[in-house]
Structures are given as C-alpha cells and as structure tokens.
Amino acid sequence: MTVESGAATTAALTLNQPAPDMPDQAGEFVQLLTPEGERIDHPDYPLDLSAADIRGMYRDLVLVRAIDTTAISLQRQGELGIWASLLGQEAAQIGSGRALGPQDMVFPTYREHGVAWCRGIDPVKLLALYRGVSHGGWDPKEHKFHLYTIVIGSQTLHATGYAMGIQRDGAVGGDEAEAVIAYFGDGATSQGDVNEAFVWASVFNAPIVFFCQNNQWAISEPLEKQSRIPLYQRARGFGFPGLRVDGNDVLACYAVTQKALQAAREGQGPTFIEAFTYRMGAHTTTDDPTRYRLASELEVWKHKDPIERVRAYLARTGQAEPEFFAGVDAEAKQVGARVREACRTMPDPPPLAIFDHVYAEPTSILQTEREQFAAYLDSFEQEGAR
Amino acid sequence: MTTLTLSKALNAGLRKALENDPKVLIMGEDVGKLGGVFRVTDGLQKDFGEARVIDTPLAESGIVGTAIGLALRGYRPVCEIQFDGFVYPAANQIISQLAKMRYRSRGQLSLPVTIRIPCGGGIGAVEHHSESPEAIFAHTAGLRVVACGDAADAFAMIQQSISSDDPVIFFEPKRRYWDKGEVDTANGVAAALPLDRAKVALEGTDVTLLTYGPLVRTCLESALAARGDGRSIEVVDLRSLSPLDMDAICASVRKTGRCVVAHEAPVYAGLGAEIAARVTEQCFYQLEAPVLRVGGFATPYPPSRLEDYYLPDLDRILDAVDRTFGY
C-alpha cells in the first residue's frame, strides 16, 4: 500500500462516521388507526368521517393501488417508458387528497397518482406522461391540480407564489377562502427551492400546507443523508408549525391535512406535515432497490400496510360487509383492465405537434422550421416510403 | 415628447403598466423603499403599495419561482434580478419551469412573467456585475429575449413585455441608465414598433452593423466616426434577440452586402454566431464578405481595470468594419 492510498483510506473512514447525536427518526406521530386496525382518539384531531366516508377511502386506496400495479406491468411490457410507483404511500395521498376542498389548489411531484385520483383526473392521462405521449395532458385549472413537476422541489415555489396570489385576491378568511397544498418528498427537503419556499411562505404568511411524504428513500439515499433532525422539526426554524403523522394511516393523514388547510384558509399561514411512510417499491421502474436496502426493512413495513388496517377496521366494526370488499376488488379489476386497454391503444401525437404551444403565437423562426419539417416529411410520403 | 434618462423611461413604463392593469406586480430585492439599486422602481411602492411592489427575500430562484405561481393565479409579475451575474441561481426556474410551462400544458397555461436584468459592463464593478448572459436564454425555447438600447424603446418595450402572454427576459443596458432620450409618454404603446421587430437606428449603404443593448450607442458613434472616412454604416438595433427579426436583418444585409455583429457577450457561441449562420444561409449571393463578429473574448469577465480592453469600443468595431472590406 502506498502512502497516498493509505491517506485516502483514513480520510474515507473519517468521512463515513455517522453524525453524532442522531435522534430516533421514527419517534412520535399522530395516529388514529393502528396497523392492526384499532381506532385511537387524538385530542387535537377529532374525526368527522362517516362509515360511508371511510368505505370511500378504502375504495380509493384499493383502486389507486390497482392502477399503480397495472402501470408497473405496462412498463414491464414496454407500453410505458418508465413509471414512478406510489406503492406504500396510498394512505398519505388519499388521506391528504380527500381533505382538500374543491377550491384548494394542488402542486404535486410526479408520484402523486393518489392525489390526482382524488382530483378526478383520469389515470390514463398520468400514464400518457410516462408513455411519452404528453408532458401532462390534464387541465390544471379544471382539476385544481397542477401538472407533475419533475425537477425536485421546484413546484414548492410555484405553490407558494400561487398562495400569495390567493392573499392578493382576498381569498383568505371567510366562506370563499382557499388554500394550497404542495407535495414533495424527503429528498426534496435538501433542495434550495424548498427552503426558499419555506422562507417565502413564512414571511408572507401564505395560505399553504407543505405536505412532505417521507418515504425514507431518495432513490438510493436514506434519510440520514438528507437530515440530522426529524424533518418536521425544520419548520420551527422557518417560523411555522410542523408535525409528523403516520403516513400509512389514511384517517390521520386526512385529519391533520384538513386542520392545516383550514388554518391556512383562516389566515394562520403555513404548516409543514411530515407523513412518515415507506416507498415499498423501487424509486421508478428503472431502479433496483436490492442494491441499497435490506429486505428485512421491507418486511417491517409490510406489517404497516395502509390498506389492510382500514379493511380490518371496517370489517371488525361491522361498517362493511364481505360483499363490499368483493365489490371493490371487482371494481379494481375493471379499472385495471380499462387503464391497460386505454394505454395500449393510446395513439402517438402527430409529428408536427412538436411545434405547438411553444409561444402564445408561433414565432417566424418556429413557423419556418415547422414548414420545412412538414415538407421534409411530405417528401417521404410522395416517394411512398411511409 | 419628454426628455428622460433610460432608467426614468423604464420607471415611467412600469408605472403605466401598474396603472393600466391591476394584475401587474413588481417583485425583487430592494425594489420597494429603495427603488432598486439603480432606482428603476423608484417611488412605485409608495404609490402602488406593498402588495403590488414587493420587496422579496434575497433568493433569485424564489423570486422567479413564486412569480410563476402568481402568474398561474392570474397575475403579471415583473421580477427584477439585481445584476446579470445573479440570474444563475434562478436558472432552473427560468429555463426548466418558466420557459416550458406553456409547452408542458399543451397551451393551457400561460406565464406572463417579465424578468428585468440590468446587463453588461462598463461601470467599474466587481465580478458578477458586468455579464451578458443573453445567449443562454435565447437558446431556451419558450422565452422571448429582448434588449432595449435607448430611452424611447425602454419605455415602450417594458410595457409590451409585461403585456406579452409569453415570458420575457428583458435586458437593460446598465451603463446606459443615465443616457437621455426623447420619450413620448403621453401616448400609449399602440403605435410603437412590435416587440419582436428590429429597427434601423441609422441608415447607411456600405455595411450593416447589427447590435443591441449597451452597444447601440457605441455603434452609432462608430458610424458617425466612419463617415469621416467616407464609409456609410447602417446600424440595426436588433431589440429582439429571440426571436430574431430575420426579415429586417436580411433586408439591410442584402442592401449593403456586408455585415458585422457587435455584442458585449463572448463571441464564441454567442448571438453573433446564430446571426452569422442565418445571414450566410439567407443572403449568400448578396454577401461581399463573410459575416464578422466583434465582442467579448472567450474568457470570464475580467477585473474592471481591464474591461475597457474587453468591451468592444468604437475602434474595435471600426476595425471589424474595415476587415469586411478586405475581402
């Protein structure tokens, strides 16, 4: 061993020491339904949901998982270029998504398929993005659900600016009050944009909820590569409340989000919610989690499944009959089949669509490129080569 | 007509925009009480309030990112980036978000955001305060990129940019802020030249000199000096850097047969390269000489005691003009 390589080894050892005083990242959280399906009351979060509401959430959870499973299969069959699975995060998304009022605005990442479902977006439009047919084909204004943002954390600033617009429109307080929810993950909390969004939201007291799904992994990097303190505690440093919720508990996610949205609508400013959950699948279909995490970790989280606990609760308390569960399962099959068929038969856009919607009106330079390319394509048609 | 400095003309244009449309907002660092470090927004917060003229936290990505959100809500934000070299922290928001949102949404979303950037050198500043990053933004589809060169254009173009439903990167030649010009502030901008059009700043017959922003004045001075040598230079102020007004550019080059492009930004992979390629393609049979470029060197911006060597001045521009007659 040379002197140089010895020095490098020592340096590497020093750098790889764990951070001192690492607190327990699991810790306490708001929970209203245990993994075993036991209802727990929380003094700050009384629940206003009927049995029908909870059955509806169960249906949501099952259907979005079915859509997700279908999409993964379609990617494996070559029908999608890639897919970002929400497996394991269904409760965080359905709970927070069902807490939204129709007037509230959502700024998602690229994994918010469950929230999109709650906003009435046809899942086929989500698949269109991952198939490469569009960059996001739904109407963000109609659904009050912005387009998926792929650069990590960028949308948190858009959400904050939108919330500042709500303030300027006088839509804080009163019956017409609105709020914004910004979704992001644990990795995103390291992004400058997310931290800038916290600063802006705080100093302008913007009506926004920052909903962080801490799924423990930013592709291959575990949470300790992002933070030495529990993420929700960061909010305090920015000057607004932060809390942690069991992200696999759909009832708790609903309750904490509803309360935070209401506070925002009433002019009390931002709240940071850390939904403590787990990404059960790969980051995307291109990823291989066996390279960086242990199967035993997955086993622990399987026992905290977001769907099973709702099923157990509904069944045991007699709020749902076996026919209900069978009906939901049948519907999940139908939805999967419909999505699969729609994806496989989805046409590609015409080639000249490349040139559309770059500007409000096409520039002369763009117009020329379009005409030249159209003529080039036509030349093949005339030669009979296509 | 009123005589105004370029910065006062911008101020008057911003004031008009704020008056004419309640959705127009101004946001940036120090734009409120201070009126901006160059005083371009002087007095606007006093008259239009803190909700419309917003002193933001000190983070450029935050300024542009929240402006995007405000635009999605129906507002027309005008962001000030304090100096050219400070725009890069906002590059992700400008290039990946602002420029692409219309395309991403298949035309369902418009982001009418104007980003004002004082640009260029010549004021003896420290590093990062003298740059010309226009080519980066001209290379980004979805953005309009413009540069004003005189007070009258400053007044009209800032209003046209704010009215545009496309995002506009608006370059202001900082060393020309104090240059005076005649501005028609009484009339609206309806009669003004459209934002995407170049203008002939000085007619000539022998060679076309294409320029924009801070070098418009330098090129006009060069043309006047060349008259003494019996050489007639036509100066075209491009005004719009993306899209380029190729009709106006080619009309001038076909007339003169010679073309020089002058900008402060480095020549290498700069706007001049795109212009030279297009002029060569479209005016090949009328050209008497290759298109020549004069501009900054392929170096970072130097310490300010050297900037007079770095920036194209009258002599370097006329040297390039002379060289086009050597073919």
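Sequence order sets the numbering: in each chain, residues are counted from 1 along the sequence as written. Whichever chain is written first becomes A and whichever ligand is written first becomes 1, with later ones labelled in order. It should be noted that, the model being predicted, local features are given only for residues of pLDDT at least 70 and side-chain atom pairs only at 80 or more, the latter also being counted only at that level, while totals for whole chains, interfaces and linings use all residues.

Peer 1: Any chance you could break down the sheet that holds strand β13 (residues 259-266) of chain B for me, citing the residues and the numbers?
Peer 2: Residue and element names in this part refer to chain B. Pairing is mixed in the open sheet, where five strands are placed in the order β9-β11-β10-β13-β14. The sheet is open, and its two borders are formed by β9 (199-202) and β14 (292-296), each paired with just one other strand. Between one strand axis and the next, the sheet turns by 30° as a mean value, whatever way the strands run. Sheet topology places strand β10 (residues 207-211) next to strand β11 (residues 233-237); five bridges connect them, and they run parallel. Directly across from L209, in β11, lies its bridge partner V235. Taken strand by strand, helix α8 (residues 215-227) contacts β9, β10, β11 and β13, and its axis lies near 170° from that of β11. By the convention adopted here, residues are in contact when the distance between their C-beta atoms, placed from the backbone, does not exceed 7 Å. Whenever a helix is involved, its axis is fitted only over the stretch in contact; in every case the axis is a line through C-alpha atoms, and angles between N-to-C directions fall within 0 to 180 degrees. Going along the chain from the N terminus, every DSSP run of H or I of four or more residues is numbered as a helix, and every run of E of two or more is numbered as a strand. Helix α12 (residues 314-324) contacts β10, β11, β13 and β14 of the sheet and is inclined by roughly 165° relative to β14. A pair of strands is labelled paired if DSSP reports no fewer than 2 bridges between them.

Peer 1: Tell me about the domain arrangement of chain B, and name the residues and values.
Peer 2: Residue and element names in this part refer to chain B. Domain boundaries shown here were taken from an automatic or database domain assignment. Along its sequence, chain B is carved into domain 1 (2-183) and domain 2 (199-324). Residue contributions to the side of domain 1 that touches domain 2 peak at four residues, all from strand β6 (residues 144-147). Under the scheme applied, nonpolar residues are Ala, Val, Leu, Ile, Met, Phe, Trp, Tyr, Cys and Pro; charged residues are Asp, Glu, Lys and Arg; polar residues are all the others, including Gly. The residue inventory of the side of domain 1 that touches domain 2, partitioned by class, reads 11 nonpolar, seven polar and nine charged.

Peer 1: Go over the interface of chain A and chain B, please, and point to the residues and values.
Peer 2: With 33 residues of chain A in contact, the opposing surface of chain B contributes 36 residues. Among the secondary structure elements, those contributing two or more residues to the side of chain A that touches chain B are α7 (154-168), α8 (192-203) and α14 (364-383) of chain A. Of all the elements, α7(A) adds the most residues to the side of chain A that touches chain B, at 11 residues. Residues of the side of chain A that touches chain B, tallied by class, amount to 15 nonpolar, 13 polar and five charged.

Peer 1: Let's hear about the packing of α8(A) against helix α3 (residues 60-72) of chain B: which residues, and what values?
Peer 2: Interhelical geometry of α8(A) versus α3(B) gives an angle of 75° and a closest axis separation of 9 Å. In this view, α8(A) runs roughly perpendicular relative to α3(B), as classed from their interaxial angle. Contacts from A:G192, A:D193, A:E196, A:V199 and A:W200 in α8(A) reach B:S61, B:G62, B:G65 and B:T66 in α3(B). Its residues placed into classes, the contact of α8(A) with α3(B) shows two nonpolar, five polar and two charged. Angle categories are assigned with fixed cut-offs, so that under 35 degrees is roughly parallel, over 145 is roughly antiparallel, 65 to 115 is roughly perpendicular, and the rest are oblique.

Peer 1: So what about the sheet that holds strand β2 (residues 24-28) of chain B? Which residues, and what values?
Peer 2: All names here are of chain B. As summarised here, the arrangement of the seven strands in space is β3-β2-β4-β5-β7-β6-β12, forming an open sheet in which the pairing is mixed. If you trace the sheet from one side to the other, it starts and ends with β3 (53-55) and β12 (240-242), each paired once. Neighbour to neighbour, the strand axes of the sheet diverge by 20° on average, direction disregarded. Bridge count for strand β5 (residues 114-119) against strand β7 (residues 168-173) is six bridges, and the pairing is parallel. Residue pairing for β7: P118 is matched across the bridge by E172.

Peer 1: Account for the domain arrangement of chain A, with residues named and values stated.
Peer 2: How big an interface is tends to be reported as the loss of accessible area on association of its parts. Each domain of chain A was delimited in the assignment, giving domain 1 (22-344) and domain 2 (351-383). When each unit is reduced to the centre of its C-alpha atoms, the spacing between domain 1 of chain A and domain 2 of chain A is 40 Å.

Peer 1: Help me get a handle on the packing of helix α5 (residues 123-131) of chain A against helix α13 (residues 322-344) of chain A, residues and values and all.
Peer 2: Residues and elements named next belong to chain A. Two numbers describe how α5 lies on α13: the axes approach to 10 Å, and their chain directions differ by 40°. One element, α5, and the other, α13, form an angle in the oblique class. As α5 runs across α13, the sense of the crossing is right-handed. Residue-level contacts link P123, V124, L127 and R131 of α5 to V339, A342 and C343 of α13. The class makeup of the residues in the contact of α5 with α13 is six nonpolar, no polar and one charged. Helix crossings fall into two classes, left-handed where the near helix is turned counterclockwise from the far one by less than a right angle and right-handed where it is turned clockwise.

Peer 1: Pulling in residues and values, what's your account of unusual backbone geometry?
Peer 2: Here the bond from B:S242 into B:P243 is cis, since omega is 0°, no more than 30 degrees from zero. Relative to the helices and strands, B:P243 resides in the loop between β12 and α9 (246-256). Positive phi is not limited to glycine here, since A:I219 has a value of about 50°. Topologically, A:I219 is positioned in the loop between β4 (217-218) and β5 (221-222). Although it is not a glycine, B:A269 adopts a positive phi angle of roughly 55°. Within the secondary structure layout, B:A269 lies in the loop between β13 and α10 (271-282).

Peer 1: Which residues make up the nonpolar core, and what values do they have?
Peer 2: Residue and element names in this part refer to chain A. Each nonpolar core consists of buried Ala, Val, Leu, Ile, Met, Phe, Trp, Tyr and Cys residues. Their C-beta atoms, within 7 Å, join them into a set. Our exposure labels follow a C-beta count within 10 Å of each residue's own C-beta, placed from the backbone: buried means 20 or more other C-beta atoms, exposed means 12 or fewer, and partly exposed covers the counts in between. One finds V180 and I208 to be the most contacted residues of the largest nonpolar core, which totals 197 residues. At 11 residues, helix α2 (residues 51-76) tops the list of elements feeding residues into this core. Aside from chain neighbours lying at most four places away, what touches I208 is A159, T160, A163, A179, V180, A182, A201, A264 and P270.

Peer 1: Hey, could you go over the environment of B:D322 for me, with residue numbers and the actual values?
Peer 2: Residue and element names in this part refer to chain B. Within the element layout of this structure, D322 appears in helix α12. Overall, D322 belongs to the partly exposed group, with 15 C-beta atoms counted inside 10 Å. Distance from D322 to A226, taken between C-alpha atoms, is 9.8 Å for residues 96 residues apart in sequence.

Peer 1: Run through α2(A), naming residues and quoting values.
Peer 2: Over its 26 residues, α2(A) extends 38 Å from the first C-alpha to the last, a length consistent with the 38 Å expected when each residue adds 1.5 Å. At the C-terminal side of α2(A), A:G78 shows a positive phi close to 85°. The length a helix should cover is 1.5 Å for every residue beyond the first.

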